[in-house]
Amino acid sequence: MRAGAKAAATVTLSAGAFGCYKYQTDEGARRALIVYSSFGPVVAHYRAVEARLSLFPLSPAETSAEYRRLDEKYAERTVKVIGELQGMYTKYAQTCAGFTNTLSNQWIQELRKLEDRVPPRSAETVLQTILEETGKPASETFATFDPEPLGSASIGQVHRATLKVDGREVAVKVQYPDSEQLFRKDMGTIRSFFTLAAPENLYMLDQLEQQNALELDYTIEASNLTTVGANMRRHGFAPREVVVPQPIAGLATRRLLVMELLPGPKLIDGLRAYGRIVATERGTSLETMEEEMRARFESGDIPTKYAGPSARAIALYRAYGWLKDALLGTKTTLPPNGPRLVDTLMRVHGHQLLADGLFNADPHGGNFLMLPDDRIGLIDYGATKRFSTNERLATCVLFVALMKGDEQMCLDMCEVSGYKSKYNKKEVVYKLMKFAYDTYSKDLTGGKNLIEFVDELKAEDPWHEVPDNFVMAQMMSIRLRSLALGMNIPITVSDWWGPIAAQVLEREGLPYEMWDRRMLEQYRPEFNIVVNRF
């Protein structure tokens, strides 16, 4: 399926399910009817064009132009409706915003608006929630409170304020009054649609639903921030490389979370701001540059390794720029150190996953801040997954096996962990595991378009039984690869996580060399199996 058609299908699947709404309440039926009437024609149009082009092919340039016209016609209006619906429709559309390697630039730019620019609720609604959660007016807690939100998302929004007690600047995260109610209704509709139209994705939906349910309780996020902050300090990442905002004591309830305010733009916004400067210098636009890069990736031309300037080289250039500006009084626009950003994020998340078993399962570009001192702010730990010891150890073994190219260990892990394909074609299963957890490179895909590559594998030997417990680790890997690829930095996840995993296993007295099928069975984690229907 073409990337444009994939965008409409993915967004509609994730954010616009309409099946079986007769079993929902009136509000659920109303929302389901809105998405059906709004998104149904969009998908129909994309599929009609796809069918026509399969019968009467055009040149690549003409085909791209055809889909670009559809993207321009539908992306903005579709995302606008999703933003107005909010709830889980918006939540899953936010997930789609991370698929920078498959969706068109038009869709990505519109979907990114949902990461922190969902239509906000009124200040009166926010202040009423604060009153209900604290038992007193906001003016008794905050010396100042900005009525304009810093950002608004699927289930709540964030405001800047200062504490009355000590004058500290804080971020005030307030949940929408109807978020929990809408979550239940939306999930019923979405689940009905997945059951009818995409049962192979139910295993992923189960885990996403569980994680999203936890996000509705901000006391859980407050606890996560405290624990992750301590873990980052223990590993030596904080405060040197990253900062995790800490919750303010006594100001965390189910629908209210007050935490330290970190300065700086979202990572994705900072990168795009510099990209616009570069595009102007080259006499083009950022959108054109992004479209050219995406077209190259769509063709399957994703290198195995990054071949640009090193983090050290960029750091030296930035130091030279700072020195020159200080001596001459000039103002040089310095490039962000993309390789260093990627390296830091990969090491941080590798330790969260493999050493701590407590990790952010949704690491998109809107969940990181570029701080003025070049550190990275790690925010939004609502979507935080906790692994059992056996789940964490199994994940360690997986990434060492991927790093070493140990195909037999990967296949043994699949069988022991509950993965089962329809025809048990080992070469297909191994490629699916590599793609799901490790790499998008052309060494794996053979230079095929990513969508074409996956569709071919699934057609040859699709998953039949899938465990639900490793979904969030897979999602984290996909998110980070897509984020890095958006910076034009292709990565292989096991290059970072393989060595970390090997060290963890060694430290815990279970070195990789000890692991065989018997050990895998001994440390097999509990899981639920989802059986796909064809």
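One structure accompanies this document, and this report is about it. Every chain begins its residue count from 1, and numbering advances along the sequence as written. Only residues with pLDDT of 70 or above have their local features reported here, since the model is predicted, and side-chain atom pairs are shown and tallied only from 80 upward, although totals for entire chains, interfaces and linings are computed over all residues. Working from all heavy atoms in the structure, the side-chain values ignore hydrogens and water.

Two rings from Phe, Tyr or Trp (for Trp, the six-membered ring) form a pair when their centres are within 6.5 Å of each other. A pair whose planes differ by under 30 degrees is stacked, one over 60 is edge-to-face, and the rest are tilted. In total, this model carries eleven aromatic pairs according to the counting rule given. Ring centres 5.3 Å apart and planes at 50 degrees place the aromatic pair tryptophan 515 and tyrosine 523 in the tilted group. Buried, partly exposed and exposed residues are distinguished by accessible area as a fraction of the type maximum, computed with a 1.4 Å probe on protein chains only: under 20%, between the cut-offs, and over 50%, respectively. Residue classification places tryptophan 515 among the buried positions, given a relative accessible area of 6%. Each member of the aromatic cluster is reached from another via a ring pair, and the members are Tyr46, Tyr67, Tyr74 and Trp107. Only Lys NZ and Arg CZ are tested; either one counts as a charge over a ring when it is within 6 Å of the ring centre and within 35 degrees of the ring normal. If you follow arginine 481 out to its NZ or CZ, it ends over the ring of tyrosine 440, 4.5 Å from the centre.

Before going further, it helps to spend a moment on the nonpolar core. Residues belong to a common nonpolar core when they are buried Ala, Val, Leu, Ile, Met, Phe, Trp, Tyr or Cys residues joined through side-chain atoms within 4.5 Å. Met232, Leu353, Leu378, Phe399, Tyr437, Trp497 and Trp515 are the most contacted members of the largest nonpolar core, which has 119 residues in total. Working definition: helices are DSSP H or I runs of at least four residues, strands are E runs of at least two. Numbering for both runs from the N terminus. The element best represented in this core is helix H19 (residues 471-486), accounting for ten residues. Excluding residues that lie within four positions of it along the chain, methionine 232 makes contacts with Phe237, Ala238, Val242, Val244, Val348, Gln352, Asp356 and Leu378. If you look at the next biggest cluster of nonpolar residues, it comprises 14 residues, including Ala138, Phe145, Ala161 and Val172. Here, two residues are considered to be in contact whenever any of their heavy atoms come within 4.5 Å of each other.

Moving on, we get to empty space enclosed by the protein. Picture a little ball the size of a water molecule; that probe, rolled over the atoms, points out where space is still empty. A 1.4 Å probe that fits but cannot get out identifies a cavity on a 1 Å grid over protein atoms alone, an open set with protein on both sides within 12 Å along at least five of seven lines counts as a pocket, and a residue lines either if it has an atom within 4 Å of a point. Grid points are joined across faces, edges and corners, and a volume is the space filled by probe spheres set on the points. Across all of its chains, the model carries six cavities of 30 Å³ or more by this definition. In this structure, the largest cavity is lined by Lys91, Tyr92, Thr95, Leu208, Gln211, Asn212, Glu215, Ala361, Asp362, Ala383, Met472 and Met475. Those elements that provide at least two residues to the lining of the largest cavity are helix H4 (87-96), helix H8 (202-214) and H19. Considered class by class, the residues forming the lining of the largest cavity number six nonpolar, three polar and three charged. Residue classes follow a fixed rule: Ala, Val, Leu, Ile, Met, Phe, Trp, Tyr, Cys and Pro count as nonpolar, while Asp, Glu, Lys and Arg count as charged, and any other residue, Gly among them, counts as polar.

Our next topic: the side chain of histidine 364. Residue placement: histidine 364 occurs in the loop between strand E8 (358-360) and strand E9 (368-370). A relative accessible area of 7% means that histidine 364 is categorised as buried. Separated by 2.9 Å, the side chain of histidine 364 and the backbone nitrogen of glycine 366 make a polar contact. As used in this structure description, the phrase polar contact means that two N or O atoms lie within 3.5 Å; if the pair is within protein, one of them must be able to donate a hydrogen and the other to accept it, and residues adjacent in sequence are counted only when both atoms belong to side chains.

Below, the discussion takes up the packing of helix H15 (residues 407-417) against helix H16 (residues 426-437). The geometry of a pair of packed helices is captured by two quantities: the angle between their axes and the separation between those axes. Two elements in contact, H15 and H16, have axes separated by 10 Å at closest approach and are oriented at 90 degrees. If you check the angle between H15 and H16, you find them roughly perpendicular. Contact residues: Glu407, Cys410, Leu411 and Cys414 in H15; Lys426, Glu427, Val429, Tyr430 and Met433 in H16. Here, axes are lines fitted to C-alpha atoms. For helices the fit covers the stretch in contact, and angles between N-to-C directions go from 0 to 180 degrees. An angle counts as roughly parallel when it lies under 35 degrees, as roughly antiparallel when it exceeds 145, as roughly perpendicular when it falls between 65 and 115, and as oblique in every other case.

This brings us to the pairing of strand E4 (residues 169-175). Along E4, six of the seven residues are buried, which leaves the element largely enclosed by surrounding structure. Pairing between two strands requires that DSSP report at least two bridges joining them. Relative to E4, strand E3 (residues 156-163) runs antiparallel, the two being bridged by seven bridges. For alanine 161, the partnering residue across the bridge sits in E4 and is valine 170. If you look at the hairpin formed by E3 and E4, you'll find five residues sitting between the two strands, and glycine 167 has a positive phi there, around 80 degrees. As paired strands, E4 and strand E7 (residues 256-260) are joined by five bridges and run antiparallel to one another. Directly across from valine 172, in E7, lies its bridge partner valine 258.

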